Amino acid sequence: ERKLAALLSIDFEAEEQLHSMIAELETKLAPIDANIQRLEADVRVSRSQKFPDAGKIVMLRRELAGFDPELRKLEAELSHLQDAKCPYCLQKYENADEKIAQVQAALAATQASKERCSEELQLLVDAEAMFLTSQNNACSMVELDIAELKQLKAGDVAELTELQAALTYKTYKDHVAAASM
């Protein structure tokens, strides 16, 4: 008898409308959710991309660091030769002028190589900075789009929650079964 009284007190037409409104909202929210997920995946992929020449930057930094010991060695040789001493055994070195010219040429070539390496490294570091700035700007713009979609979605989700709370029968199948009793 209580079940019958409970069934009679339910407005099945209003319940039907609630289920219909919920279905419409869920249909409206599905593409928004899919779009948010796609955009978030795009941001993850974009943020995971590395600067294409990052390995070359590492290599050039190592190469650049290797120039200093070579330059110190050549400068020490030149200093000994200018003192007319053998750069290896420090004994008197006759006619050092020819060897001085060779060491000076090697020193100049090494300094020029170091400068070229340093310039190339700076170009790549600048390009990397531009790449990262561009990547961050692009991701930030997409993240703003995501935030707008979530804001748009929030009102619909609140309405959906409110409608679901007002249901007597949580699923449409249960509603149909109760209405046909």
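Here the focus is the overall build of the chain. In terms of helices and strands, the chain carries 5 helices and 0 strands. Scored against the burial criterion, the 181 residues of the chain give a buried share of 24%. Taking the contacts inside the chain whose residues are at least 6 apart along the sequence as the reference set, 81% of them involve residues at least 24 apart. Accessible surface, the chain as shown: approximately 12,600 Å² in total, 55% of it carbon and sulfur.

Bringing helix α3 (residues 54–82) into the picture now. The periodicity of an α-helix, 3.6 residues per turn, causes residues three or four positions apart to be oriented the same way. Counted at 1.5 Å a residue, the expected span for α3 with its 29 residues is 42 Å, and the 43 Å between its end C-alpha atoms agrees. Within the span of α3, buried status applies to Ile 57, Leu 60, Leu 64, Phe 67, Leu 71, Leu 74, Glu 77, Leu 78 and Leu 81. Buried residues belonging to α3 abut α4 (97–166).

One pass over the full model with this rule turns up 8 salt bridges. One salt bridge connects Lys 28 with Asp 156, and the closest N-O pair in it is separated by 3.2 Å. One end of the pair, Lys 28, is in helix α2 (residues 12–48); the other, Asp 156, is in helix α4, and 128 residues separate them in sequence. Residue classification places Asp 156 among the buried residues on the basis of a relative accessible area of 8%. Arg 38 serves as the salt-bridge partner of Asp 42, at 3.3 Å between the closest nitrogen and oxygen. Of this pair, Asp 42 and Arg 38 both sit in helix α2, 4 residues apart, which is roughly one turn of the helix. The exposure class assigned to Arg 38 is partly exposed, which follows from its relative accessible area of 45%.

With that out of the way, let us pick up the side chain of Glu 77. Turning to its location among the elements, Glu 77 is positioned in helix α3. One buried charged residue, Glu 77, remains without a salt bridge, the closest side chain of opposite sign being Lys 73 at 4.2 Å. Excluding anything up to four places from it in sequence, Glu 77 contacts Pro 87, Tyr 88, Lys 99 and Val 103.

With respect to the element layout, Met 130 can be found in helix α4. What makes Met 130 exposed here is its relative accessible area of 63%. For the pair formed by Met 130 and Phe 51, sequence separation is 79 residues and the distance between their alpha carbons is 9.8 Å.

A few words now on the packing of α3 against α4. Running from amino to carboxyl end, α3 crosses α4 at an angle of 160 degrees, the nearest separation of the two axes being 9 Å. As summarised for this structure, α3 and α4 are arranged roughly antiparallel, according to the angle between their axes. Crossing geometry of α3 relative to α4 is assigned as left-handed. Residues of the contact of α3 with α4, tallied by class, amount to 16 nonpolar, 6 polar and 11 charged.

Turning next to the side chain of Thr 110. Looking at the element boundaries, Thr 110 is found in helix α4. If near-sequence neighbours (up to four positions away) are discounted, Thr 110 is found in contact with Phe 67, Glu 70, Leu 71 and Leu 74.

Looking now at the environment of Ala 96. For Ala 96, the position within the fold is in the loop between α3 and α4. C-alpha separation for the pair Ala 96 and Asp 83, spaced 13 residues apart in sequence, amounts to 9.0 Å.

Quick notes on the rules
- Residues numbered from 1 in each chain as written.
- Predicted model: local features only at pLDDT ≥ 70, side-chain atom pairs only at ≥ 80, totals over all residues.
- Heavy atoms only, no water.
- Helix = DSSP H or I, 4+ residues; strand = E, 2+ residues; numbered from the N terminus.
- Buried < 20%, exposed > 50% of the residue type's maximum accessible area, 1.4 Å probe, protein only.
- Contact = heavy atoms within 4.5 Å.
- Areas by Shrake-Rupley, 256 points an atom, 1.4 Å probe, with all protein chains shown as cover.
- Expected span 1.5 Å × (residues − 1).
- Salt bridge = Lys/Arg side-chain N within 4 Å of Asp/Glu carboxyl O.
- Lys, Arg positive; Asp, Glu negative; His and termini not counted.
- Axes fitted to C-alpha atoms, helices over the stretch in contact; angles between N-to-C directions.
- Parallel < 35°, antiparallel > 145°, perpendicular 65-115°, else oblique.
- Left-handed = near helix turned anticlockwise from the far one by under 90°.
- Nonpolar A, V, L, I, M, F, W, Y, C, P; charged D, E, K, R; others polar.

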